[in-house]
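Listed below are the residues making up each chain.
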Amino acid sequence: DAMDKNLIKHQIDRMQDTVSRQLARVAVVAPVMLSTRIDVAKVLQKLVRTLEVAFPKMDLLLQSHAQPKLRIDVGDFLEILGNVAENACKYGKHAVRITISQSVATNETNMSMSIIIEDDGPGIPVKMRNDVLGRGLRLDTQLSGQGIGLAVAKELVNQYEGSLAISASEMCGAKISLHFPVTGL
């Protein structure tokens, strides 16, 4: 009798684990499956106009080497790009460059889109790059914000099976590279 109860409890636990895993899987895949395709260049043009108002002394340049459409929730996309581009405007000295490009893998079925945001500010030191992707860490406490922008951006990018990387810009500041798979063409 006690053995039967343990067996039943064990089976219920396994079923709950299976359900939890499947729900977690759906939570990750659902945003991509349920999202409509957005015109990336048009959405970024609107974002740049908003940033020009908020940061009138910043020279913002949007370069588009492609006209990709991306399957992503427009709110998530604006959250990602808004956080990254606003940081570039806050920390840049005079200029921010946003570049959109698209690439095709050798098998021509795996297309990806890249959005690169660069500024001419102090950059992010190599030893701090992983740390700033964690919630709450800020390199500079002089400017407003909670220090979660890049962490939120990275989490959202991951939900869409993309990637976010930090490196040094040719403009001498930070370079944030966002890469997304282009699905549902």
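In what follows, the structure referred to is the one given above.
Residues numbered from 1 in each chain as written. Predicted model: local features only at pLDDT ≥ 70, side-chain atom pairs only at ≥ 80, totals over all residues. Heavy atoms only, no water.

A. Seen up close, helix H4 (residues 149-159). Listing the buried residues of H4 in full gives Leu150, Ala151, Val152, Ala153, Leu156 and Val157. Taken together, the buried residues of H4 touch helix H3 (74-91), strand E6 (163-168) and strand E7 (174-182). Phi for Glu161, located one or two positions after H4, is positive at around 60°. (Buried < 20%, exposed > 50% of the residue type's maximum accessible area, 1.4 Å probe, protein only. Helix = DSSP H or I, 4+ residues; strand = E, 2+ residues; numbered from the N terminus. Contact = heavy atoms within 4.5 Å.)

B. Structural view of helix H2 (residues 40-54). Compared with an ideal rise of 1.5 Å per residue, which puts 15 residues at 21 Å, H2 spans 21 Å between its outermost C-alpha atoms and is within 8% of the ideal. All of the buried residues along H2 are Val40, Ala41, Val43, Leu44, Leu47, Val48 and Leu51. All buried residues of H2 lie within an arc of 155° about the axis, which places them on one face of the element. Exposed positions of H2 whose direction lies more than 90 degrees from the buried face are Lys42, Lys46, Thr50 and Val53. For H2, the N-terminal capping position is held by Asp39, with its side-chain oxygen 3.2 Å away from the main-chain nitrogen of Ala41. (Expected span 1.5 Å × (residues − 1). Arc of directions from axis to C-beta. Polar contact = N/O pair within 3.5 Å; in protein donor to acceptor, adjacent residues only side chain to side chain.)

C. Geometry of the side chain of Asp119. With respect to the secondary-structure elements, Asp119 resides in strand E5 (residues 111-119). The buried charged residue Asp119 lacks any salt bridge, with Lys93 as its nearest oppositely charged partner at 8.7 Å. (Lys, Arg positive; Asp, Glu negative; His and termini not counted. Salt bridge = Lys/Arg side-chain N within 4 Å of Asp/Glu carboxyl O.)

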